[in-house]
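One letter stands for each residue in the lines below.
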Amino acid sequence: QHFTEVYLMDSTSVALPATLQGLFPGSGGNASTAMLKIQLLFGLLSGALHKLDLVAGNLPDSGYLEHIPHLLPGSLLIQDLGYFNLDLFHTLADRAIFFLTRWRQDVKVYLNSDPQHALDMLTFLADQHSTVAAYQVQVGQQMHLSCRMVVVRLPQEVAEQRRRYPHDHHQHHQ
């Protein structure tokens, strides 16, 4: 089965002079008081730029929905964890649009074979012995969304590096 288009969605932020705070408010704190966020939707198969938006830096990616009308039925949308939004995923599914994203740890996942009990993901993943496995699941505690969950066992070296990352990252930014 081929997708009608494969979309890549991502954003980047640019700090602006404080005088632009009224137009492009930042998130404050240690971040800039004025910040521009660039939202980009790119079609990988067509090579086309489908959407480019300049928005306020304090708008979370998960709240950005302006790209939805540009997505074709039968297409695949790939976006990072910052865009994770179950309501958006329901909308995509209703429009026959596929999506690929990482799992967010606070979201419940239920195997179709046991829809009454949420998975303990750490235990479930520790019991996986295949390099790659796929499962039909329901995602979300209240409005279950039917999804295909693909799990990939990382090489030991990569897994150890990712376990260290939060500690290393914290020390680097102190």
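This text goes with the structure placed above it.
Residues numbered from 1 in each chain as written. Predicted model: local features only at pLDDT ≥ 70, side-chain atom pairs only at ≥ 80, totals over all residues. Heavy atoms only, no water.

Chemist: Please provide a residue-by-residue account of the packing of aromatic side chains, values included.
Modeler: The tally for this structure, following the rule as stated, stands at four aromatic pairs. Ring geometry for Phe3 and Phe98: centres 5.5 Å apart, planes at 65 degrees, overall edge-to-face. Residue Phe3 is located in the segment before strand S1 (6-15), and its partner Phe98 is located in strand S5 (residues 98-100); the two are separated by 95 residues in the primary sequence. The class for Phe98 is partly exposed, based on a relative accessible area of 39%. Ring plane angle 70 degrees and centroid distance 5.2 Å describe the contact between Phe124 and Tyr135, whose orientation is recorded as edge-to-face. Residue Phe124 is found in helix H2 (residues 121-126), and its partner Tyr135 is found in strand S7 (residues 132-139); the two are separated by eleven residues along the sequence. With relative accessibility at 12%, the residue Phe124 sits in the buried group. Three or more aromatic residues joined by ring pairs form one cluster here, namely Phe84, Phe89 and Phe99. (Phe/Tyr/Trp six-rings, centres within 6.5 Å; stacked < 30°, edge-to-face > 60°. Helix = DSSP H or I, 4+ residues; strand = E, 2+ residues; numbered from the N terminus. Buried < 20%, exposed > 50% of the residue type's maximum accessible area, 1.4 Å probe, protein only.)

Chemist: How would you sum up the sheet that holds strand S8 (residues 145-152)? Please name residues and give values.
Modeler: Pairing in this open sheet of three strands is antiparallel, and the strands run S6-S7-S8 from one edge to the other. Of all strands in the sheet, those with a lone pairing partner are strand S6 (109-111) and S8, marking the two edges. Sheet twist, expressed as the average angle between the axes of neighbouring strands with direction ignored, equals 50 degrees. When S6 meets S7, the two strands line up antiparallel, connected through three bridges. Each bridged residue has a counterpart across the sheet, and for Leu111 the counterpart in S7 is Val137. (Pairing = 2+ DSSP bridges. Axes fitted to C-alpha atoms, helices over the stretch in contact; angles between N-to-C directions.)

Chemist: Give a description of the environment of Leu49 that names residues and reports values.
Modeler: Within the secondary structure, Leu49 is located in strand S3 (residues 49-56). A C-alpha to C-alpha distance of 26 Å links Leu49 and Pro25, two positions 24 residues apart in sequence. What Leu49 contacts, discounting residues up to four positions off in sequence, is Leu40, Leu41 and Phe42. (Contact = heavy atoms within 4.5 Å.)

Chemist: An account of the sheet that holds strand S4 (residues 76-79) is requested, with residue identities and associated values reported.
Modeler: Within a sheet, adjacent strands bond to each other through the backbone by hydrogen bonds, running parallel or antiparallel. A sheet is described by the order of its strands in space; here five strands give the open sequence S3-S2-S1-S4-S5, paired in mixed fashion. A single partner strand is all that each edge strand has here, and the edge strands are S3 and S5. Adjacent strand axes in the sheet meet at a mean angle of 20 degrees when their direction is disregarded. Two strands pair when backbone bridges link them, and S1 and strand S2 (residues 35-43) are joined in this way by nine bridges, in the antiparallel orientation. Counterpart to Asp10 in the pairing with S2 is Leu40.

Chemist: How would you summarise the pairing of S7 if you had to cite specific residues and measurements?
Modeler: Where S7 meets S8, eight bridges bridge the pair, whose relative direction is antiparallel. Bridging across to S8, Gln138 finds its partner in Ser146. A loop of five residues connects S7 with S8, the two strands running antiparallel in sequence, and Gly140 in this loop sits at a positive phi of about 105 degrees.

Chemist: Tell me about the environment of His90, and name the residues and values.
Modeler: If you trace the backbone, His90 turns up in helix H1 (residues 86-94). With 56 residues separating them along the chain, His90 and Ser146 place their C-alpha atoms 9.1 Å apart. Apart from the residues within four sequence positions on either side, His90 is in contact with Met143, His144 and Leu145.

Chemist: Report on the nonpolar core, specifying residues and quantitative values.
Modeler: Counting 27 residues, the largest nonpolar core has Leu71, Leu77, Leu92, Leu119, Val137 and Met149 as the members making the most contacts within it. Here this core takes four residues from S8, the largest share from any one element. Other than its neighbours up to four places away in sequence, Leu71 contacts Tyr7, Leu41, Leu77, Leu92 and Ile97. (Core = buried A, V, L, I, M, F, W, Y, C linked by side-chain atoms within 4.5 Å.)

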